[in-house]
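As a plain string of letters, each chain reads:
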Amino acid sequence: MAELILGIETSCDDTSVALVDQNGNVVAIETVSQYEIHSEFGGVYPELASRAHLEAILPVIERVLTSADITPLNLRAIGVTRGPGLMGSLLVGLSTAQALGIVWEVPTYGVNHLRGHIRSVDLDGKSLDYPALVLLVSGGHTLLAYLQNQYSYELLGTTRDDSLGECYDKVARTLGLGMPGGPAVDRMAAAGTACVKFPRPMIKSGYEFSFSGLKSSVARYVETHPEFDVNDVAAAFVDASLDVLSTKVQRAIDQKKLATLAVVGGVAASPQVRARMQHITEQAGINLCLPSQKWATDNAAMIAMATWDYIEQGLEKNLEPKPNLRLSDS
Amino acid sequence: MGMISLLMQNSAGQMSIGLAEGDCVLFDSTVDVDLNGSRNVEAYVQAAFAHSGRRIADVDCVFVDIGPGGLGATRTTVAFANAVGFAKSIPVIGMHAFELIGHHAAQSLQKPVVCIRPAARPNYYMALYDQGILSEFSFVDTAVAKAFVRRHQATADFAGKFSFTEVDGFPEAAWPVPTINSASIASFLGVALDKYAKGVRSTRVYPISENLSVKIL
Ligand SMILES: [Zn+2]
């Protein structure tokens, strides 16, 4: 049997465990969502998140191993997210992985969650053409990275405040739409006209993002226009965020020699984002890579996938939690 | 050969790990190694095996401090203990931190021990440990905790941590000072083996503050 990596992801509010081989085939995966636990708080409540991870993690690991009929002898390594993420949540995954590694005598790697997102494009046996530009947009992150090859990451820019996914959720709340906010905003936007002009923060230069001003503008508009049309406001918001994303992506396409644009993270599910990126890459004559939705959001398969890189590159087995880990860190 | 026990204590925010065979301590991190206050569980556990000449494969049972105390620290060792138990199919037994510190303090003092630790402000966890029995364990606000301390001040000793600064006829200097805030490994082992002898077995445990059924005041 092929050697497998047991991936463990507990950085935020999902407990996810997966078995992945070196070619990116996902042999087994289970993700337990804490969505219901946090929904009444309107966001992730850190104490409850780490408690839920503690309750879920071993049963999930057991089910994943059993479903794939795998024993620890089949494991090449364990890879567990060490950051970025919530401290209490990271600690549960790290401590668990550390103990399993010691008892099973399997090497255990602390993995950068952002590297996991980037490697999610190669799951299911796919392989990205390099050089590539990766746009990671989710509830937790917004960043643009240039990859010369599978191992060399250059962070072009990240957000200075809110992530785009966070901004979508807050706009959804402002507009009185349900959670999760992203799909709701996109649905309304599809039926509206972008007749309000919201700001496009930091669009003029560079690769850095900022979304809190856009979010506040939407809130201010809604406050001062009691008769506002939900669809139109949603459309105007989506239009503004898409303009920012596509301008930065276009800038990178113009400045770098690229074979592929990959869009990953939960916001990559947005039909509007997909359509706009499709258009840009067609114009530029480069590949567009959109991983399927199940790999776009936080999951352990991407962590296991990234763990293979740690082994191949001989990176340190560091199990220290780092809530603010950056893309350039291993 | 006696049962090999792995003992883990962390709820006071200072990790200590022990390894024992039967009632004999083989390793005590508080005296055997200087890990400089490291918070890396693996460093402690590896030291335990390196110093005792045993292997993790030899361990028959894990006893872990489940608080109340520092939630993050407690959860770290609890997650570790649960995973060791899972991977080896051995019991993991949760130890009430107040039983551990109460027992330790009572051994030398022969008096009832008031165990008290701060919870989320302005609350406290408290209990009375007397003759091997923990009673009145509760989650209370500062006023109730103060009254409890004053009620027992003449007859009991104190373990844990608290600082009451308000005067109200009772100057700061008049409040008692807790003697200890964590148990020695030898004392921990005594409580652990007693629990084991009573037939307590479990495979997964959780920090106490996370399933406390006492109403929050
Ligand atoms: Zn993520």
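Conventions and cut-offs
Residues numbered from 1 in each chain as written. Chains lettered and ligands numbered in written order. Predicted model: local features only at pLDDT ≥ 70, side-chain atom pairs only at ≥ 80, totals over all residues. Heavy atoms only, no water. Helix = DSSP H or I, 4+ residues; strand = E, 2+ residues; numbered from the N terminus. Rg over C-alpha atoms; globule rule 2.2 N^0.38 Å. Buried < 20%, exposed > 50% of the residue type's maximum accessible area, 1.4 Å probe, protein only. Contact = heavy atoms within 4.5 Å. Lys, Arg positive; Asp, Glu negative; His and termini not counted. Charge placed at Lys NZ, Arg CZ, Asp CG, Glu CD. Pairing = 2+ DSSP bridges. Axes fitted to C-alpha atoms, helices over the stretch in contact; angles between N-to-C directions. Donors = N, O, S within 2.8 Å, 3.2 Å for Na, K, Ca; no water. Tetrahedral: all angles 85-135°; square planar, octahedral: opposite > 155°, others 65-115°. Parallel < 35°, antiparallel > 145°, perpendicular 65-115°, else oblique. Left-handed = near helix turned anticlockwise from the far one by under 90°. Nonpolar A, V, L, I, M, F, W, Y, C, P; charged D, E, K, R; others polar. Domains from an automatic or database assignment. Buried area = accessible area lost by both parts, 1.4 Å probe. Salt bridge = Lys/Arg side-chain N within 4 Å of Asp/Glu carboxyl O. pLDDT = per-residue confidence, 0-100. Core = buried A, V, L, I, M, F, W, Y, C linked by side-chain atoms within 4.5 Å. Polar contact = N/O pair within 3.5 Å; in protein donor to acceptor, adjacent residues only side chain to side chain.

Asks: Tell me what's going on with the overall build of chain B, and back it up with residues and numbers.
Replies: In terms of regular secondary structure, chain B is built from six helices and nine strands. Expected size for 217 residues packed as a compact globule is a radius of gyration near 17 Å; at 17 Å, chain B falls within 12% of this value. With the principal axes as the frame, chain B shows a C-alpha extent of 55 × 35 × 30 Å. Within chain B, the proportion of its 217 residues that are buried is 52%. In chain B, of all internal contacts separated by at least 6 residues, the share reaching a separation of at least 24 is 62%. Side-chain charges in chain B split into 17 positive and 19 negative, and the spacing between the mean points of these groups amounts to 6 Å.

Asks: Can you break down the sheet that holds strand E5 (residues 108-112) of chain A residue by residue, with the values?
Replies: Residues and elements named next belong to chain A. Strand order in the open sheet made by the five strands is E3-E2-E1-E4-E5, with mixed pairing throughout. If you trace the sheet from one side to the other, it starts and ends with strand E3 (26-33) and E5, each paired once. Within this sheet the neighbouring strands show an average axis-to-axis angle of 20°, counted without direction. Bridge analysis of strand E1 (residues 4-9) against strand E2 (residues 14-20) gives five bridges, and the strand direction is antiparallel. Counted as the bridge partner of Leu6 is Leu19 from E2. Its contacts with the sheet put helix H2 (residues 46-67) on E1, E2 and E3, and the angle it makes with E2 is roughly 25°. Across the sheet, helix H3 (residues 87-104) touches E1, strand E4 (75-83) and E5, and the angle it forms with E4 is around 160°.

Asks: Tell me about the coordination of the zinc ion, and please be specific about residues and values.
Replies: Residues and elements named next belong to chain A. Bound to the zinc ion on the protein side are His113 (NE2), His117 (NE2), His141 (NE2) and Asp298 (OD), at distances that span 2.1 to 2.3 Å. Around the zinc ion sit four donor atoms, and with donor-metal-donor angles ranging over 87 to 164° the site reads as irregular. Written as a sequence motif, the donor residues of the zinc ion are H-x3-H-x23-H-x156-D. With His117 in helix H4 (residues 113-119) and Asp298 in the loop between helix H10 (293-296) and helix H11 (300-313), this residue pair connects regions lying 181 residues apart in the sequence.

Asks: Residue-level account of the packing of H3 of chain A against helix H2 (residues 41-52) of chain B, with values.
Replies: Helix packing for two helices is described by the angle between their axes and how far apart those axes are. Between H3 of chain A and H2 of chain B, the shortest axis-to-axis distance is 10 Å and the interhelical angle comes to 25°. What the angle tells us is that H3 of chain A and H2 of chain B run roughly parallel. When you trace H3 of chain A past H2 of chain B, the crossing you get is right-handed. Across the interface between the two elements, Ser95, Gln98 and Ile102 of chain A of H3 of chain A pack against Val41, Glu42 and Gln46 of chain B of H2 of chain B. A breakdown of the residues in the contact of H3 of chain A with H2 of chain B according to their chemical character gives two nonpolar, three polar and one charged.

Asks: Would you mind going over the packing of helix H5 (residues 164-174) of chain A against helix H6 (residues 181-190) of chain A in detail, with residue names and values included?
Replies: Residues and elements named next belong to chain A. Axis separation between H5 and H6 bottoms out at 8 Å; the angle between their running directions is 65°. Judged by the inter-axis angle, H5 sits roughly perpendicular to H6. Handedness of the H5/H6 crossing: left-handed. Packed against H5, whose contacting residues are Tyr168, Asp169, Val171 and Ala172, the element H6 presents Gly181, Gly182, Val185 and Asp186 at the interface. Its residues placed into classes, the contact of H5 with H6 shows four nonpolar, two polar and two charged.

Asks: Give me the pairing of E3 of chain A: which residues, what numbers.
Replies: Residues and elements named next belong to chain A. Taken together, the seven bridges between E2 and E3 define a ladder with antiparallel strand orientation. Following the sheet pairing, Ser16 is matched in E3 by Thr31. Following E2, the chain reverses through five residues before pairing antiparallel with E3; Gly24 in that reversal takes a positive phi of roughly 85°.

Asks: Could you give me a rundown of the domain arrangement of chain B, with the residues and numbers involved?
Replies: Residues and elements named next belong to chain B. Along its sequence, chain B is carved into domain 1 (4-96 + 182-197) and domain 2 (98-160). Its C-alpha centre places domain 1 at a distance of 23 Å from the equivalent point of domain 2. For the pair domain 1 and domain 2, the two sides together bury roughly 1200 Å², of which 62% comes from carbon and sulfur. Between the two partners, domain 1 and domain 2, sit one salt bridge.

Asks: Which residues make up the confidence of the model for chain B, and what values go with them?
Replies: All names here are of chain B. Taken residue by residue, chain B gives an average pLDDT of 89. The fraction at 70 or more is 94%. Between residues 211-217, whose pLDDT stays under 50, and residues either more than four places distant or in other chains, the model counts 14 contacts. Taken over the whole predicted complex, pTM reads 0.92, whereas the ipTM for its chain interfaces reads 0.93.

Asks: Break down the nonpolar core for me, with residues and values.
Replies: Of all hydrophobic cores here, the largest spans 61 residues; its most connected members are Leu6, Leu19, Ile61 and Trp104 of chain A together with Met8 and Val62 of chain B. It is H3 of chain A that provides the largest number of residues to this core, a total of nine residues. Aside from chain neighbours lying at most four places away, what touches Ile61 of chain A is Leu6, Ile8, Val17, Thr96 and Leu100 of chain A together with Phe86 of chain B.

Asks: A description of the interface of chain A and chain B should follow, citing residues and the corresponding values.
Replies: Contacts between the two partners involve 20 residues from chain A, matched on the other side by 22 residues from chain B. For the pair chain A and chain B, the summed buried surface comes to about 1900 Å²; carbon and sulfur atoms form 69% of the total. The largest share of the area that chain A buries against chain B comes from Leu54, Leu58 and Ile102 of chain A, three residues that together contribute 32% of it. On inspection of chain A and its partner chain B, the count reaches zero salt bridges. At the boundary of chain A with chain B, the tally comes to four residue pairs in polar contact (both at pLDDT 80 or more). Elements represented by at least two residues in the side of chain A that touches chain B include exactly H2 and H3 of chain A. Top contributing element to the side of chain A that touches chain B by residue count: H3 of chain A, with 10 residues.

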